[in-house]
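Observations on the model geometry
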Amino acid sequence: MPQATKRKRSSSSSESFKEVRQKIRALEASLSDKSNLNNIVEIFKYTKSDNPQIVHAAIHSLNRSFTSFLMKGDLQKVKNIDQPSAKDKVQIWLRGQYIDFLVHVRSLLSSDEPGLQLPALNILMNNIKSESENVMNLNGSYHFANNTYGPIVKAIISNANFNDHLRKELVDKYLNIYDDLRHYFFKDAAEIMEHAYEIKERTTEIKQQKKKIKLSGNEEKPENLSLIASNVLSILENINTMPTEASEIDEFWTVNPGQYENKNEKVKTEDEELLGDEGLLSDAEEPEEDMINKQKKKTHPLLQLGVHRRGFSECWLKLLKLPLTEEMYRKILLILHKRILPHTSEPKLLMDFLTDSYNIGGAVSLLALNGLFTLITEHNLDYPDFYKKLYTLLDRNVMHVKYRSRFFRLLELFLSSAYLPAALIAAFIKRMGRLSLTAPPAACVIIIPFIYNLLKRHPTCMCLIHSNKTIDNAATDPFIMEELDPYESKAIDSSLWEVKTLSEHYYANVSTLAKIFSEQFLKPKYNLEDFLDHTYATFFATEIDRKRKKAPALNYEKPAESVWEI
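Residues numbered from 1 in each chain as written. Predicted model: local features only at pLDDT ≥ 70, side-chain atom pairs only at ≥ 80, totals over all residues. Heavy atoms only, no water.

**Some words on the environment of His308**
Within the element layout of this structure, His308 appears in helix α13 (residues 305-321). The class for His308 is buried, based on a relative accessible area of 2%. Along the sequence, His308 and Met242 sit 66 residues apart, while their C-alpha atoms lie 8.3 Å from each other. Other than its neighbours up to four places away in sequence, His308 contacts Asp179, His183, Met242, Pro243, Ile249 and Leu302. (Helix = DSSP H or I, 4+ residues; strand = E, 2+ residues; numbered from the N terminus. Buried < 20%, exposed > 50% of the residue type's maximum accessible area, 1.4 Å probe, protein only. Contact = heavy atoms within 4.5 Å.)

Here's what the structure looks like:
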């Protein structure tokens, strides 16, 4: 008999989902009668099943039930807790079940099953809308249920199983569309990151001081800051709908706060009419400053562009305080000048981050150039050693990195001023010429027109190619390649013998370009964009696709007739 029972259970396991789903629906239907509220506990048990389909059905069932209770006002906080009535006790119990439900659904955000992660997120977002609307209907003023949204944000950014599916659902469906969700995400994420950073600092300080302190039970455990930083960055780098004008703030997950502001303003106007002429100033007599302040008060903070920018800035600044990997540095610097600086309330607050990144060296320094130059030209950043640092970045490695074309675009911009000292320009020209001797052909075809353009723009540097000094190689060259200060490199005393060497280059395009220096400087400046994106692959494709004027000879000598006779 036991074996038969076992076989019966195993054979019915394939039908268990259908059976359970019917039970869940029956339990949900019975909740219309408040005497059956205990059935919530029965449905709740199914949310912890090992079968994702059962969990999916259970959480949706509970969500529908709790939403119905919420709209009826059955989930409100009970004010008289000391002496609750029987109805109050039921309401307290029901609210406790609702809070437990939200906690459990938030835990599903870190599930290994994407089929549970996404429904959990959608259920939680719908609860935010329901809670906000319920409070607004009761109070008659705008409300956003941030007490529910904040824990969701924390569950997401501290999620060890945060994946592309969950990120795309969050960003594409919510944050990139709704202004209120995006703003409160910035606000909550900034607070969570700051709190996690402070806990980590406190814990580190205790360890450093080596104090034997027994942590109390209320002491919070330090969060994984690297995990939080990685998750927040993956979300922020995909948010691309920041408003640039106040009129663009017009999409809300809950409601537009403006409609409640208008209602309040109508009430105020009626009250003012009732006051009559009791010594109050009329609109015509109201001071201009008071009118401006009154106009500002009419606008809800969520409708103000400055509020959104401050939230955006605060979130990014808190992120930059967290430990970042080199890959994260690169991702941030790649988008900083176009997608971060234009939307920050105080771009100067990023000065320290950019200057520190610029001093790191390598690819990170190259990527920091864009943002740093924006701060220098548009926000009056004083960086006296900018060109010295830029000179040191121009090394052998920059000729091989994938950011090479980006660097030369910026370098052309930085050296475009005709008022730069000749000694500085000569140092850059000479350094590029020396690097061209060991650079790949793709870099050589950038360097040659770059040098030509600099010589056209700065005629005082023409002495580099019209020098009477006999300099044939690096051994007799006064130029000091190892000198990091361009003004001390003695480049102006040298000659550009390297371009003569390039005229003998094995690749025909390079040697042809280099011969321009042996001709008169009558050619206009090169368009550098025509040379920046070349690689070995593009060179190979060009050579393969090139049309030949005549077929290449297969034999330079006509074979003897006797050969054909054989």
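**What about a negative patch on the surface?**
Together, Glu245, Glu248, Asp250 and Glu251 make up a region of like negative charge exposed at the surface. You can see Asp250 is positioned in the loop between α10 (225-236) and α11 (258-275). (Patch = residues over 30% accessible without salt bridge, like charges linked within 9 Å, V, L, I, M, F, W, Y side chains within 5 Å. Areas by Shrake-Rupley, 256 points an atom, 1.4 Å probe, with all protein chains shown as cover. Salt bridge = Lys/Arg side-chain N within 4 Å of Asp/Glu carboxyl O. Lys, Arg positive; Asp, Glu negative; His and termini not counted. Charge placed at Lys NZ, Arg CZ, Asp CG, Glu CD.)

**Considering the UniProt feature "transmembrane region" (unreviewed entry) in the protein chain**
Sites flagged by UniProt as "transmembrane region" (unreviewed entry) map to residues 407-429 and 435-455. Helix and strand shares over residues 407-429 are 70% and 0% respectively, and the end C-alpha atoms of the span are 15 Å apart. Between the end C-alpha atoms of residues 435-455 there is a gap of 17 Å, over a span that is 76% helix and 0% strand. (UniProt positions renumbered as here; feature names shortened; annotations may be inferred.)

**Quick look at the pattern of salt bridges**
Within this structure, the stated rule accounts for 17 salt bridges. One salt bridge in this structure joins Lys173 and Glu169, with 3.5 Å as the shortest N-O distance. You can see Lys173 and its partner Glu169 sitting in helix α8 (residues 164-175), four residues apart, about one turn around the helix. Relative accessible area serves as the criterion here: at 17%, Glu169 is assigned to the buried category.

**A short note on the environment of His183**
Residue placement: His183 occurs in helix α9 (residues 179-209). Considering only alpha carbons, one finds His183 and Arg310, 127 residues apart in sequence, at a separation of 9.4 Å. Those residues within four positions of His183 in sequence are excluded, and the remaining contacts are Leu302, Val307 and His308.

**Remarks on the packing of helix α19 (residues 422-435) against helix α20 (residues 441-457)**
With their axes 10 Å apart at the nearest point, α19 and α20 run at an angle of 160 degrees to one another. Taken together, the axes of α19 and α20 lie roughly antiparallel to each other. Seen from above, α19 lies across α20 with left-handed handedness. On α20, the residues that touch Ile425, Ile429, Met432 and Gly433 of α19 are Ile447, Phe450, Ile451, Leu454 and Leu455. Among the residues making up the contact of α19 with α20, the classes are represented as eight nonpolar, one polar and no charged. (Axes fitted to C-alpha atoms, helices over the stretch in contact; angles between N-to-C directions. Parallel < 35°, antiparallel > 145°, perpendicular 65-115°, else oblique. Left-handed = near helix turned anticlockwise from the far one by under 90°. Nonpolar A, V, L, I, M, F, W, Y, C, P; charged D, E, K, R; others polar.)

**A short note on helix α5 (residues 86-107)**
Here α5 spans 32 Å end to end across 22 residues, near enough to the 32 Å set by a 1.5 Å rise per residue. Of all the residues in α5, the buried ones are Asp88, Gln91, Leu94, Gln97, Tyr98, Phe101, Leu102, His104, Val105 and Arg106. Elements that come into contact with the buried residues of α5 comprise α3 (39-46), α4 (52-72), α6 (114-139) and α7 (146-157). (Expected span 1.5 Å × (residues − 1).)

**Observations regarding the packing of helix α14 (residues 326-340) against helix α16 (residues 362-378)**
In contact at an axis separation of 8 Å, α14 and α16 are set at 30 degrees when each is read in the N-to-C sense. It follows that α14 is roughly parallel to α16 by the angle criterion. Helix-helix and strand crossings are classified by hand; for α14 and α16 the assignment is left-handed. Together, Glu326, Tyr329, Arg330, Leu333, Leu334, Leu336 and His337 of α14 and Ala363, Val364, Leu367, Ala368, Asn370, Gly371 and Thr374 of α16 make up the contact between the two elements. Considered class by class, the residues forming the contact of α14 with α16 number eight nonpolar, four polar and two charged.

**Considerations on the state of the cysteines**
This structure, assessed with the given rule, holds zero disulfides. No disulfide involves Cys461; its sulfur sits 6.4 Å from the nearest other cysteine sulfur, which is in Cys463. We classify Cys461 as buried; its relative accessible area is 0%. Classification of Cys463 by relative accessible area gives partly exposed; the value is 32%. (Disulfide = S-S within 2.5 Å.)

**Side note on the packing of aromatic side chains**
In total, this model carries 25 aromatic pairs according to the counting rule given. Ring centres of Phe66 and Phe101 lie 5.4 Å apart, and the angle between their planes is 35 degrees; this geometry places the pair in the tilted category. Pair noted here: Phe66 is in helix α4 and Phe101 is in helix α5, with a separation of 35 residues, a long-range link. The residues Phe66 and Phe101 share a single accessibility class, namely buried. With centroids separated by 5.4 Å and ring planes inclined at 85 degrees, the aromatic side chains of Tyr391 and Phe428 adopt a geometry described as edge-to-face. Pair noted here: Tyr391 is in helix α17 (residues 386-393) and Phe428 is in helix α19, with a separation of 37 residues, a long-range link. For the pair Tyr391 and Phe428, a shared accessibility class is recorded, and that class is buried. Aromatic ring contacts, followed pair by pair, group Tyr358, Phe373, Tyr383, Phe386, Tyr387 and Phe414 into a single cluster. Here the guanidinium or amino end of Lys129 rests over the ring plane of Trp253, the centre of that ring lying 3.8 Å away. Stacked on the ring of Tyr391, the Lys or Arg Arg431 has its end atom at 4.6 Å from the ring centre. (Phe/Tyr/Trp six-rings, centres within 6.5 Å; stacked < 30°, edge-to-face > 60°. Lys NZ or Arg CZ within 6 Å of the ring centre and 35° of its normal.)

**As for the confidence of the model for the protein chain**
On average, residues of the protein chain score 84 in pLDDT, and 83% of them are at 70 or above. Highest mean pLDDT in the protein chain belongs to α7 (96); lowest belongs to helix α1 (residues 2-12) (39). For residues 265-286, every residue scores under 50 in pLDDT, and the model assigns this stretch eight contacts once sequence neighbours within four places are set aside. (pLDDT = per-residue confidence, 0-100.)

**Digging into the environment of Val364**
By the element assignment, Val364 lies in helix α16. Residue classification places Val364 among the buried positions, given a relative accessible area of 2%. It is 9.6 Å that separates the C-alpha atoms of Val364 and Leu334, two residues lying 30 residues apart in sequence. Sequence-distant contacts of Val364, defined by excluding residues within four places in its chain, comprise Glu326, Tyr329, Leu333 and Ser357.

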